[in-house]
There are 2 protein chains.
Amino acid sequence: MSQIIFQYTVRSEPSAIQERAEALLLEQTVELPRKALADSWVNEHIVGKVLEVTRIGEDFFSLIISHPLRTTALDPAQFLNVAFGNSSLQPDVTLDNIEAPIELFAKFKGPKFGIESIRAKVGVQHRALTCTALKPMGLPADRLARLAYDFAIAGLDMIKDDHGLADHEFCSFQSRVEECQTAVEKANAETGLSTIYIPNLIGSPETVYKQLEFARQRGVGGIMISPMLVGPALLHELADGKAGLPIFAHPAFGGAMRIAPQVLLGQIFKWFGADAVIFPHHGGRFSYSRETCLKLAEFSRSTSHGLHPAFPVPAGGIKTSRVREVLEFYGKETILLVGGSLLESGSELVAKAKEFVAEVAEVSKSL
Amino acid sequence: MSQIIFQYTVRSEPSAIQERAEALLLEQTVELPRKALADSWVNEHIVGKVLEVTRIGEDFFSLIISHPLRTTALDPAQFLNVAFGNSSLQPDVTLDNIEAPIELFAKFKGPKFGIESIRAKVGVQHRALTCTALKPMGLPADRLARLAYDFAIAGLDMIKDDHGLADHEFCSFQSRVEECQTAVEKANAETGLSTIYIPNLIGSPETVYKQLEFARQRGVGGIMISPMLVGPALLHELADGKAGLPIFAHPAFGGAMRIAPQVLLGQIFKWFGADAVIFPHHGGRFSYSRETCLKLAEFSRSTSHGLHPAFPVPAGGIKTSRVREVLEFYGKETILLVGGSLLESGSELVAKAKEFVAEVAEVSKSL
């Protein structure tokens, strides 16, 4: 049976590290001390191995641990359980990397659409893509639709709901989707472009499915969910045939995990089926490092294990003045998501959005 | 409209704290800077308020922030979004407390069963309850069922699956539930007791519902889920009428959040409908403090907002030798979950389990 390999950083006194490594190994599967493991089949086929213990600082060690893939039951929730279930409750551990064998991807098929299908949908092949967000929460559906129309007229490729737009009494999901999709269709008829509208689905699974059904019927071009809010395993279920639309994954509620961001967003969300992975670019309101962002983009686009590549979507306070810098950093296989910086421009919104669109096209030529 | 109040700890230089508080306020709802908020309705009815800024350390502040309850859409996923969605991505913030107005609980009804119904189910009124876990992962269904039988004969009140028992090729969910439930029924017929078996449901929502259906048909006494693995909003959906059985909430994958454990487990899981909340007792393999554990128990049992009380279930490496200490700490409105320490006893298992049961009964008399 194949093994799945996890890399953790553990804080430990050097004299205790072997014992700590053994405890971490056992915690994630059998959850019993070695002496209580009487069954030889369990010892041979369930209990993994500590492969490497490397000291990386005074009280810090890098551990590489393998578990038989069968422990994951090839199920998304159980996969997370084996990766970082109980250990997430222990503050001395972070999960840094996962190496999964090809057999996992018989079940985890990753992005159903991916970069190529998203490019085909918006009819753009040779430059970075542009995206913005409808906000603030509190605007009624017709005001959001007006913004959507203006952005579409300006030539944005994608217009998504802010992740905080739910099924609110002051702006219901259905009225928002109806009006914003209509507005974008109207603009497309005028511009000849194929801008897509991407509503945010949020709620318990039943609510998400109802919202999906309505949005699909209405002809939206993609959907967005926050996997950590609606459930990471629901992402897999949606991607695994139920969504039928490109899925944008938003990081809300996910950042506090002691899992390296490139692992949670760039690997796990993508393996579960995100077609585009939204994450905070470094230097904005959030704190991801350059290296984290580069890795996250690399993991998103990877075609290893035969998966479709997913778009990296840097966001989080990117100013339009930073387009060149950001695109030179990520390259053109990128969706550039700029929200607040356009919405701040008030009556200049269409003009500023057009500048953003033109700048992305211009910079893309030199990439 | 009612307000919901969040307390955060923020690390900030004193000179920057007012600006940081304002940014945190806006991040969770409108996600736009104040100057981009042109709409007066949004400013009055969506944007919350920074109520208090208190310095609690050299570079640490306690912030109390209110948001209009309407921002949560009274939806479990959106509620988490407003509480700690994007802010979870910012490492300088932790969520410490939530004060929710009574209107939230028109939607979040909390435990459907709670302490009273669980006591009625197992037929025990005047002492702390006992629970153990079936493990290790890797045993086939008949071996787990044999353990379940032995524990039930010993008089345990509740026997739950370990949270890592999924729908494995070597032990399918259905075979496990069938055999363990049969074993517990057989033991009950012999002892005259009402021990219940509580299987672990894990997977994407569709999988969880299939498992629930099978388990209910088979007559199990309760179910366990790990809300952070299967989706916190799914807990709400299950408790809100779909489960029809007491729900035990396991903390796996939830401990890494920068949310105070008593808030995530004792408030949020309970508000979403957990009837019994499992958490690591201090002094075991995990690191919760005494104060955290006491608050968690207090929050679980609270009947504020008209909710049923939920059982606190301290666990995580509790030795049978610690029964008195643990019960004196928590009191008898507690389910005491002891797993590994019983399973280590090998052929002495029934005898050790009986000692545990007797000890809980004895200590309960003096509480």
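Rules of the game
- Residues numbered from 1 in each chain as written.
- Chains lettered and ligands numbered in written order.
- Predicted model: local features only at pLDDT ≥ 70, side-chain atom pairs only at ≥ 80, totals over all residues.
- Heavy atoms only, no water.
- Helix = DSSP H or I, 4+ residues; strand = E, 2+ residues; numbered from the N terminus.
- Buried < 20%, exposed > 50% of the residue type's maximum accessible area, 1.4 Å probe, protein only.
- Polar contact = N/O pair within 3.5 Å; in protein donor to acceptor, adjacent residues only side chain to side chain.
- Contact = heavy atoms within 4.5 Å.
- Pairing = 2+ DSSP bridges.
- Right-handed = clockwise from strand over helix to strand, strands pointing away.
- Buried area = accessible area lost by both parts, 1.4 Å probe.
- Salt bridge = Lys/Arg side-chain N within 4 Å of Asp/Glu carboxyl O.
- Nonpolar A, V, L, I, M, F, W, Y, C, P; charged D, E, K, R; others polar.
- Axes fitted to C-alpha atoms, helices over the stretch in contact; angles between N-to-C directions.
- Least-squares fit on C-alpha atoms with pLDDT ≥ 70 in both.

S.K.: How should the side chain of His168(A) be read in this particular structure?
M.R.: Structurally, the position occupied by His168(A) is in the loop between strand S6 (158–161) and helix H6 (173–191). According to the relative accessible area criterion, His168(A) is buried, its value standing at 2%. Within the local environment of His168(A), its side chain forms a polar contact with the backbone oxygen of Thr71(B), the two atoms lying 2.7 Å apart. When sequence neighbours within four positions are dropped, the list of residues in contact with His168(A) reads Met137(A), Arg70(B), Thr71(B), Thr72(B), Ala73(B) and Gln78(B).

S.K.: Any chance you could explain the pairing of strand S5 (residues 129–134) of chain B here in plain terms?
M.R.: Residues and elements named next belong to chain B. Here S5 lies mainly inside the structure; 6 of its 6 residues are buried. In this structure, S5 lies alongside strand S12 (residues 335–337), joined through 3 bridges in parallel fashion. From the neighbouring strand, Thr 130 faces S12, where its bridge partner is Leu 336. Here S5 pairs with strand S6 (residues 158–161) via 4 bridges, running parallel. Bridge assignment links Cys 131 to a residue of S6, and that residue is Met 158. Where the polypeptide runs from S5 across helix H5 (residues 141–154) and back to S6, its parallel neighbour, the crossover connection is right-handed.

S.K.: Any chance you could explain the interface of chain B and chain A here in plain terms?
M.R.: One frequent convention defines the size of an interface as the accessible area lost when the parts assemble. Counting residues at the interface gives 76 residues for chain B and 77 residues for chain A. Surface buried jointly by chain B and chain A totals about 6300 Å² across both partners, of which 61% is contributed by carbon and sulfur atoms. Run the count over chain B and chain A and you get 8 salt bridges. The interface formed by chain B and chain A includes 26 residue pairs in polar contact (both at pLDDT 80 or more). Where the side of chain B that touches chain A is concerned, the elements lending two or more residues are helix H2 (40–45), helix H3 (76–84), helix H7 (205–218), helix H8 (227–230), helix H9 (232–242) and helix H13 (340–343) of chain B. In terms of residue class, the side of chain B that touches chain A is made up of 37 nonpolar, 22 polar and 17 charged.

S.K.: Explain the sheet that holds strand S3 (residues 60–68) of chain A here, please?
M.R.: Residues and elements named next belong to chain A. Strand order in the open sheet formed by 4 strands is S2-S3-S1-S4, and the pairing between neighbours is antiparallel. At either end of the open sheet lies a strand with only one pairing partner, and these are strand S2 (49–57) and strand S4 (93–99). For this sheet, the mean inter-axis angle between neighbouring strands, taken without regard to orientation, is 20°. Sheet topology places strand S1 (residues 3–11) next to S4; 6 bridges connect them, and they run antiparallel. When the sheet's bridge partners are listed, Thr 9 is paired in S4 with Thr 94. Relative to S1, helix H3 (residues 76–84) is tilted by about 40°, and along the sheet it contacts S1, S3 and S4.

S.K.: Looking at this structure, I do not really get the relation of the copies chain B and chain A. What am I missing?
M.R.: These two copies of the chain differ by a rotation about an axis and a displacement along the same axis. When chain B is fitted to chain A, the best match, at an RMSD of 0.0 Å, comes from turning it 180° and sliding it 0.0 Å along the axis. Taken together, the rotation and translation describe the operation of a two-fold axis. The C-alpha atom lying nearest the rotation axis in chain B is that of Gly231(B); the distance is 1.7 Å. Both copies contact each other with a shared surface, as 100% of the interface residues of chain B are interface residues in chain A too.

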